[in-house]
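# Coordinate inspection notes
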Amino acid sequence: MTHSKNSKNNGKTDDLQLQDNTCPPLELVCGATLAEWCRRLPLLVDLMAYKPLTWINPNPGGSAGKSAVSGLTGRDIDAAEARLERFRPFIAAAFPETRPAGGLIESPLLPIPRMRAALEDHCGLLIPGRLFLKCDNLLPISGSVKARGGIYEVLKYAEEVALAKGLVRRGDDYAVLGGDRARAVFADYRIAVGSTGNLGLSIGIMGARFGFQVTVHMSAEARQWKKDLLRSHGVLVVEHPGDYSSAVAEGRRQAAGDQRCHFVDDENSVDLFLGYAVAARRLQRQLAELAIPVDADHPLFVYLPCGVGGAPGGITFGLKHLFGENVHCFFAEPTHAPCMLLGLCTGLHAAVSVQDFGLNGITAADGLAVSRPSGFIGKTVAPLVDGAFTVDDGELFRLLALLADSEAISMEPSALAGMLGPPAILQERDYLREKGLQEKMAAASHIVWGTGGQMVPEEEMAGYYRQGKELLTR
Ligand SMILES: *Cc1c(COP(=O)(O)O)cnc(C)c1O
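Each residue is numbered by its place in its chain's sequence as written, counting from 1. Owing to the predicted nature of the model, reporting of local features is limited to residues with pLDDT of at least 70; listing and counting of side-chain atom pairs is limited to 80 or more, with chain, interface and lining totals taken over all residues. Only hydrogens and water are set aside; all other atoms, that is, all heavy atoms of the structure, feed into the side-chain values.

### Quick word on the site of the ligand
Rules: Near is defined per residue: the residue qualifies when any heavy atom it owns lies within 4 Å of the molecule or strand. We call two N or O atoms a polar contact when they sit within 3.5 Å, provided that within protein one can donate a hydrogen and the other can accept it, with sequence-adjacent residues counted only if both atoms are side-chain atoms. Method remark: on a 1 Å grid restricted to protein atoms, a set of points is classed as a cavity if a 1.4 Å probe fits but cannot get out and as a pocket if it is open with protein on both sides within 12 Å along at least five of seven lines; lining residues have an atom within 4 Å of a point. Think of it this way: if more than half of a molecule's atoms are within 2 Å of a pocket's grid points, that molecule is in the pocket or cavity. In this text, helices come from DSSP runs of H or I with a minimum length of four residues, and strands from runs of E with a minimum of two, each type numbered from the N-terminal end. All amino acids are sorted into three groups, where Ala, Val, Leu, Ile, Met, Phe, Trp, Tyr, Cys and Pro are nonpolar, Asp, Glu, Lys and Arg are charged, and the leftover types, Gly among them, are polar.
In the vicinity of the ligand, 15 residues are found, and the nearest of them are Lys146, Asn198, Gly307, Gly309 and Thr451. In this structure, an oxygen atom belonging to the ligand sits 2.8 Å away from a main-chain N or O atom of Gly307. Interatomic distance of 3.0 Å between a backbone N/O atom of Val308 and an oxygen atom of the ligand. Taken atom by atom, the bulk of the ligand overlaps the largest cavity. Among the elements that make up the shell around the ligand, the one with the highest residue count is helix H12 (residues 310–323) (three residues). Of the residues assigned to the shell around the ligand, the class counts are six nonpolar, seven polar and two charged.

See the structure below:
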């Protein structure tokens, strides 16, 4: 059985039209014709036909010591975690919802046995081991995984300004940074970011709380309610007709040369990356609390929805540091925008876009609607990530409805991309055999990273659910 058989909609086109793409021979992509690329990497034929597929990394280097590309190490993750600790009094004061956890921005790790049964039924295959949802859809403040990296980067910038301006010294209680005096200082500084939506929400809400002037450059897929919400926080939202890359480019251009403007560069930011990486430490503690072992006999599989790569890349970097070869990290992308998979398998990284291979990049998974991967992330995770798979848009909606019915959990379409991870990887028999995992799968844990959904308005969510139900009964 191949991965594409997972989808009950095989052959159906759902709301997006499949294109008949059979490697036009004359187009040159980075020195080779598309036909040559397809000969070198036969899976590109399926990729170009929008077929769901799984790519296994042929050259994983094992554990993360010091990244050869970025020079980052575990110490950098320690420093990021320590910074988040310093800000806990500020966060607890500024966002009452975080008070019960003392200003910690964290989400539950939840067993989802009923969804496992629904998934087995949906895919027609048994899933041994345990299935968990990492509920980043419930992260406080901005309701998505971006509440990790995005908020971390704003905190780091605020700390820099605060130290430079003498608002605090190291060791002080940062709660004062929510006061009027600090606000007056921050009001002279600007933050700009390009986003498909959720990064803008995180940066905008947190930046505005400090009193920064925040500009969010939104790409075409950004939902109206996200723009409205940001404007209600006093954030300047600039709408761009183009895709995510052009929104980022515009933000970068406007921020360039402005000494008092910090540009959050989703394609290149080390800060975002480290903010995401801290998630691994938190997860390690949660696994320990649930008495779930991760070792040579108890493999851990983690499935991460991927857009530009920062969130899944940072989390993978953190996890490989802690668990080495006992953790298996896979990225999940829409069949219409598999930019990271394409960058990794060709080795072209940011030099390639999905349009170069004839794909349109259009997907209902707005958080994943990215046509060109981050080169920094791709190169950093190339020796770490175990593989990547693609998911049809229709499946995202079906899984959304199945999760709502089985576990009463609502997530946005992007956040469901990882859910097909267990069935996809269980079918990769060569991978399981080579890694000696075949006999260990009954003792495995699977974590689907649920990356967003909490902020989605009820009506919008009801529409997603209806769409999923309708597709399930077709
Ligand atoms: C941004 C986002 C992702 C992926 O993160 P990247 O850093 O873009 O790879 C996944 N899911 C949701 C809901 C997101 O908003």
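### Thoughts on the sheet that holds strand E10 (residues 300–305)
What counts is decided by this rule: By this definition, two strands are paired if DSSP reports at least two bridges between them. To get an axis, a line is fitted to the C-alpha atoms, and for a helix only the part in contact is used. The angle between two axes follows their N-to-C directions and goes from 0 to 180 degrees. Residues count as neighbours in contact if any of their non-hydrogen atoms are within 4.5 Å of one another.
Strand order in the open sheet made by the seven strands is E3-E12-E11-E10-E13-E5-E4, with mixed pairing throughout. Of all strands in the sheet, those bounded by a partner on one side alone are strand E3 (54–56) and strand E4 (109–111). Direction aside, neighbouring strands of the sheet carry axes that sit 25 degrees apart on average. Judged from the six bridges that link them, E10 and strand E11 (residues 327–334) form a sheet pairing that is parallel. Considered in E11, the bridge of Phe301 is made with His328. Helix H15 (residues 393–407) contacts E4, strand E5 (130–135), E11 and strand E12 (387–391) of the sheet and is inclined by roughly 90 degrees relative to E12.

### What to know about empty space enclosed by the protein
Worth spelling out the cut-off: Grid points are joined across faces, edges and corners, and a volume is the space filled by probe spheres set on the points.
Overall, the coordinates contain three cavities of 30 Å³ or more when judged by the stated rule. The computed volume of the largest cavity comes to approximately 240 Å³. When residues of the lining of the largest cavity are traced back to their parent elements, those giving at least two are strand E6 (190–195), helix H8 (198–210) and H12. For the lining of the largest cavity, the leading source of residues is H12, giving three residues. In this model, the second largest cavity occupies a volume close to 100 Å³. Taken together, 13 residues make up the lining of the second largest cavity; nearest its centre are Leu84, Ile105, Ala147, Arg148 and Arg282. Secondary-structure elements contributing two or more residues to the lining of the second largest cavity are helix H6 (146–164) and helix H11 (270–289). Here the residues of the lining of the second largest cavity are counted per class, giving nine nonpolar, two polar and two charged.

### Re the packing of aromatic side chains
In this description, an aromatic ring pair is defined by two values, namely the gap between the centres and the angle between the planes. Note the cut-off: Ring pairs are drawn from Phe, Tyr and Trp, using the six-membered ring of Trp, whenever the two centres fall within 6.5 Å, and their geometry is named by plane angle: stacked under 30 degrees, edge-to-face over 60, tilted for the rest. In this scheme, a residue with accessible area under 20% of its type's maximum is buried, one over 50% is exposed, and one in between is partly exposed, where area comes from a 1.4 Å probe on protein chains only.
This structure, assessed with the given rule, holds 15 aromatic pairs. Ring centres 4.8 Å apart and planes at 50 degrees place the aromatic pair Phe186 and Phe212 in the tilted group. Here Phe186, found in helix H7 (residues 180–186), pairs with Phe212, found in the loop between H8 and strand E7 (213–218); they are 26 residues apart in sequence, far enough to count as distant. Like Phe212, Phe186 is buried. In textbook terms, an aromatic cluster arises when at least three aromatic residues are bridged by ring pairs, as seen for Phe87, Phe90, Tyr157, Tyr174, Phe186, Phe210 and Phe212.

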